[in-house]
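The primary structure of each chain is shown beneath.
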Amino acid sequence: MTVDHDQATDFKSLEDPHALREAEKYENPIPSRELILQLITQAGKPLRRQQIAQQFGLETPDALEALRRRLRAMERDGQLVFNSRQKYSLGDGHNIIAGRVLGHPDGFGFLKPDDGSDDLFLSPREMKPLLHNDRVTARVTGLDRKGRREGGIIDITERNTHQVVGRFYVEGRVAYVVPDNKKIIHEVLIPKEDIGHAKKGQIVVAEIIQQPTAHCQPIGRVTEVLGMHMAPGMEIEMAIRSHDLPNQWPDALLEEIKSLTPEVPEQAKAGREDIRHLPLVTIDGEDARDFDDAVYAQKTTKGWKLLVAIADVSHYVHVNTALDAEAQNRSTSVYFPEKVIPMLPEILSNGLCSLNPNVDRFCMVCELLINQDGNVLRSRFFEAVMRSHARLTYTQVAQMLVEGNQKLAKKYATLMPHLESLYSLYKVMRYQRELRGAMDFDTQETRIVFGPERKIAEIVPLVRNDAHKLIEEFMITANSAAAKFLNRKKMPRLLRIHDGPGPEKLLALKTFLGELGLHLGGGAQPTPLDYMHLLESVRERKDAHLIQTLLLRSMSQAVYSPETKGHFGLALEAYAHFTSPIRRYPDLLVHRAIRHCLKDKKPAEFQYSHPDMVILGEHCSANERRADDATRDVVSWLKCEYMMDKIGEEFDGIISAVTGFGFFVELQSIYVEGLVHIASLQNDYFAFDASRHQLHGERTGVRYRLGDLVKVRVVRVTLDDKKIDFELIQPGKSGKKATKNPANKSRGKKATSGENDRKPTAKSKRRRKS
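Residues numbered from 1 in each chain as written. Predicted model: local features only at pLDDT ≥ 70, side-chain atom pairs only at ≥ 80, totals over all residues. Heavy atoms only, no water.

### Focus on the pairing of strand β32 (residues 709-718)
And step 1. Pairing geometry for strand β26 (residues 650-659) and β32, over five bridges, is antiparallel. Across the sheet, F651 pairs through a bridge with V712, a residue of β32.
And step 2. Direction of pairing for β32 relative to strand β33 (residues 723-728): antiparallel, over a ladder of six bridges. Bridge assignment links R713 to a residue of β33, and that residue is E727.
And step 3. Connecting β32 to the antiparallel partner β33 that follows it, the hairpin turn spans four residues, and K722 within it adopts a positive phi of roughly 55 degrees. (Pairing = 2+ DSSP bridges. Helix = DSSP H or I, 4+ residues; strand = E, 2+ residues; numbered from the N terminus.)

In structure tokens, the structure reads:
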């Protein structure tokens, strides 16, 4: 420790000027941020966490953990910088930017700042010592030729890539692995003594034993040989390792769950409301294996009483256990085509927690009283024991309620009155949903159908019927009620927030709509209702699909956070995830907060604080994105494999995205996307017009715009890169001829040939992230 104790302040005895504020916020207050900054300033050099704790006389485990979290939060907010020597120094919010590195296959990258500001462009030179997902501090060095902020790396604060999965190659005396994750731009060199049993062309896992530097590539050691790259199921094994998805249960967890039995313990039923007589039913997809939710509705004199019963996972998964640690580590179940990596072990996810039919199960119930207009009058939560009276599918329920299938109705005759009550309630709630402007985009889900040896037989569209919408509406209503309940109780809680469109995206959207003679209401802050009014006004237009796509892309991604910001897409002021605790950790946290309130405990007594929820929100959001990326990789790989024997075939498609290097086309009959590279567009020089989402031929006036119908031929499939290349058939006739306008030439950048809230199943992707 370098602080001169003869001259330095005695921080142990110094009164914190913000002690009262800290005491009001935390049960066990620690030194304020201001006092920590004062300590490091006076020290005159970076300090370790242990040194800071020593100076403040912090010794208990709780105090040391609270200090760790505070320092992490100060680092996140730019007040402190945590360097590679494990020390904290003063940050400068204007000059030093901390964040996460995002690699790009072309060699450059971006720094995503922790403070939410615009990304920094990192040149290939700056990326040399970095790997995707590393954490760094950087300084803004200027603007690149595109006007983006450009960064220079100051320090690498955290290495986050410790293994890669990829194809093993040997050339002469050099062995190396090409990572499957194309955001990792380095080939990993493998010394001869670390090759193990790997053979050329095999898929392997390599541990990084030496991180890259400005002058050297990363060096690794082969730790696992997965097999040949075309082996059935290899795409999932690669995705699991590429994205570092936890898929093995720790020994401590397996030891903890040894005593669990398939039946609910009789003695644990005491103190719960008994609703086993109520005809609650689950409604899910045909291939669902775990059942989070069951519903029941009863007509009343003023409207309806709706019960949404959710699996009581928090009864079995307790804080500070190996089971909870692994659930938090995973944060979410990951749904691949015909394979699931669950968040909880099978005895819980498919057994004790799953609301299987005709067995007793513990649940957390949201009871809602709803009037004749579909408005929620009041709600309450309670712990109960229930018994599902039937395991129904969306198809069955739609056939009974919408199509009038008498055979099914007779089979479930005792349940039909209750199903009809659910349907009549849904209809009035659907009307209220439309009134408030909740978004309901007509997007297309697909399902991959496998043949022998896990080869794709076909890709088919999924039909979303009224049974899907019914359950989705009831789940959204229960989620909103949970958020409002915890807000009223002033509990530390994790919400699901969805911001409206940012200024830049909104300006781009309004510019494009103006070109079409359309107007989005709401000025600088449009509401969800403004979005839906516009969508309704263009529903009969030929380019309605294009407009819907751009409306979707203008919005931000939903995340988990304790901040009360509401959910823009659902047009709700408060929203949380409550209805899927078997597969989502944020839902489990919400259940714990509700149970805490039901026991009449104070918010200050809850095991989580507001800063805890900030950290957990970031963790769960990141793991949700990780799961989505892994699933997307697997689906892309499978689609490429599916297209390998279709080279030379012709398909009709729709332009799904336009870039400076060409445009992407989604094939209408098989829902596969590929690129028409600008180099393949003949007889003209095409300019990219970002505001109009089009490529424009300067000589012919031909344009290729988002949403245009085209006919293409499959010319190339690259399985390793997960890329499919198309070429236009008769390109001069595929695009639309635009009216020549000299002003158009100066608008675009010249491009040359140089460059839902329902449970997903293992067969489908999520419709919408609510």
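### Considering the sheet that holds strand β19 (residues 360-371)
And step 1. Strand order in the open sheet formed by five strands is β13-β20-β19-β16-β15, with mixed pairing between adjacent strands. Only two strands of the sheet have a single partner each, and these edge strands are β13 (273-274) and β15 (293-299).
And step 2. The sheet contact formed by β19 and strand β20 (residues 376-387) spans 11 bridges and is antiparallel. Bridged to V365 within β20 is F382.
And step 3. Most of the contacts of helix α12 (residues 416-436) go to β15, to which it runs at about 85 degrees, and overall it touches β15, β16 (303-311) and β19.
And step 4. Across the face of the sheet, helix α17 (residues 585-598) comes into contact with β16, β19 and β20 while running at roughly 95 degrees to β20. (Contact = heavy atoms within 4.5 Å. Axes fitted to C-alpha atoms, helices over the stretch in contact; angles between N-to-C directions.)

### Quick look at the side chain of S349
And step 1. Examined against the element boundaries, S349 turns out to sit in helix α9 (residues 346-352).
And step 2. Within polar-contact distance, the side chain of S349 engages the backbone oxygen of L344 at 3.4 Å.
And step 3. Dropping the residues within four chain positions of it, S349 is found in contact with D290, P342, L344, S354 and I582. (Polar contact = N/O pair within 3.5 Å; in protein donor to acceptor, adjacent residues only side chain to side chain.)

### Brief notes about unusual backbone geometry
Glycine aside, residues mostly have negative phi angles, and peptide bonds mostly take the trans form.
And step 1. For D244, which is not glycine, the phi torsion reads 55 degrees and is therefore positive.
And step 2. Residue A571 is not a glycine yet carries a positive backbone phi of 55 degrees.
And step 3. Positionally, A571 belongs in the loop between β25 (559-561) and α17.

### Thoughts on the packing of helix α8 (residues 322-330) against α17
And step 1. Relative orientation of the contacting elements α8 and α17 amounts to 130 degrees, with a least axis distance of 9 Å. When the axes of α8 and α17 are compared, the pair comes out oblique. Contact with α8, carried on its side by D324, A327 and Q328, involves Y585, L588 and R592 of α17 and no other residues of that element. (Parallel < 35°, antiparallel > 145°, perpendicular 65-115°, else oblique.)

### Remarks on the packing of helix α3 (residues 49-56) against helix α4 (residues 61-76)
When two helices pack together, their arrangement is given by the angle between their axes and by how far apart the axes lie.
And step 1. Look at α3 against α4: their axes get within 11 Å of each other, and the N-to-C directions meet at 125 degrees. Regarding the angle of α3 to α4, the classification is oblique. Here α3 runs over α4; the crossing is right-handed. The residues of α4 that touch α3, namely those facing R49, I52 and A53, are L64, L67, R68 and L71.
And step 2. Along the lines of polarity and charge, the residues of the contact of α3 with α4 split into five nonpolar, no polar and two charged. (Left-handed = near helix turned anticlockwise from the far one by under 90°. Nonpolar A, V, L, I, M, F, W, Y, C, P; charged D, E, K, R; others polar.)

### Some words on the pattern of salt bridges
Opposite charge on two side chains permits them to pair, given that their charged atoms come into close proximity.
And step 1. Counted under the stated rule, the structure contains 45 salt bridges.
And step 2. When the shortest N-O distance is used, the salt bridge between R221 and E207 registers 2.9 Å. Placement of R221 in strand β12 (residues 219-228) and of E207 in strand β11 (residues 202-210) is noted, with a sequence separation of 14 residues between them.
And step 3. Among the ionic pairs, D360 bridges to R387, the shortest N-O distance being 3.0 Å. (Salt bridge = Lys/Arg side-chain N within 4 Å of Asp/Glu carboxyl O.)

### As for the nonpolar core
And step 1. If you look at the biggest cluster of nonpolar residues, it comprises 95 residues, and the most contacted ones within it are I275, F474 and F578.
And step 2. Top contributing element to this core by residue count: helix α13 (residues 466-488), with 11 residues.
And step 3. Here F578 is in contact with I310, M364, C366, F381, A478, N479, A482, D587, V590, H591 and I594, once residues within four sequence places are set aside.
And step 4. With 66 residues, the next largest nonpolar core counts I448, L506, V634 and V635 among its residues. (Core = buried A, V, L, I, M, F, W, Y, C linked by side-chain atoms within 4.5 Å. Buried < 20%, exposed > 50% of the residue type's maximum accessible area, 1.4 Å probe, protein only.)

### Describing the confidence of the model for the protein
And step 1. Mean pLDDT over the protein works out to 87, with 90% of the residues at or above the 70 mark.
And step 2. Within the protein, the lowest mean pLDDT, 34, falls on strand β35 (residues 749-750), and the highest, 98, falls on α17.
And step 3. Residue range residues 1-8 is modelled with pLDDT below 50. Its contacts to residues more than four positions away, or to other chains, number 10 contacts.
And step 4. Across residues 738-759 the pLDDT falls below 50, and counting only partners more than four positions away or on other chains, this stretch makes 71 contacts in the model. (pLDDT = per-residue confidence, 0-100.)

### Some thoughts on the packing of aromatic side chains
And step 1. Per the stated rule, a full pass over the model turns up 14 aromatic pairs.
And step 2. Between F108 and F110, the ring centres sit 5.8 Å apart and the planes meet at 90 degrees, which makes this aromatic pair edge-to-face.
And step 3. Using a relative accessible area of 21% as the deciding quantity, one classes F110 as partly exposed.
And step 4. An aromatic cluster is present here, built from F108, F110 and F121 joined pairwise through their rings. (Phe/Tyr/Trp six-rings, centres within 6.5 Å; stacked < 30°, edge-to-face > 60°.)

### Here we look at the state of the cysteines
And step 1. One pass over the full model with this rule turns up zero disulfides.
And step 2. Of the cysteine sulfurs around C353, a residue in no disulfide, the closest is that of C363, at 12 Å. (Disulfide = S-S within 2.5 Å.)

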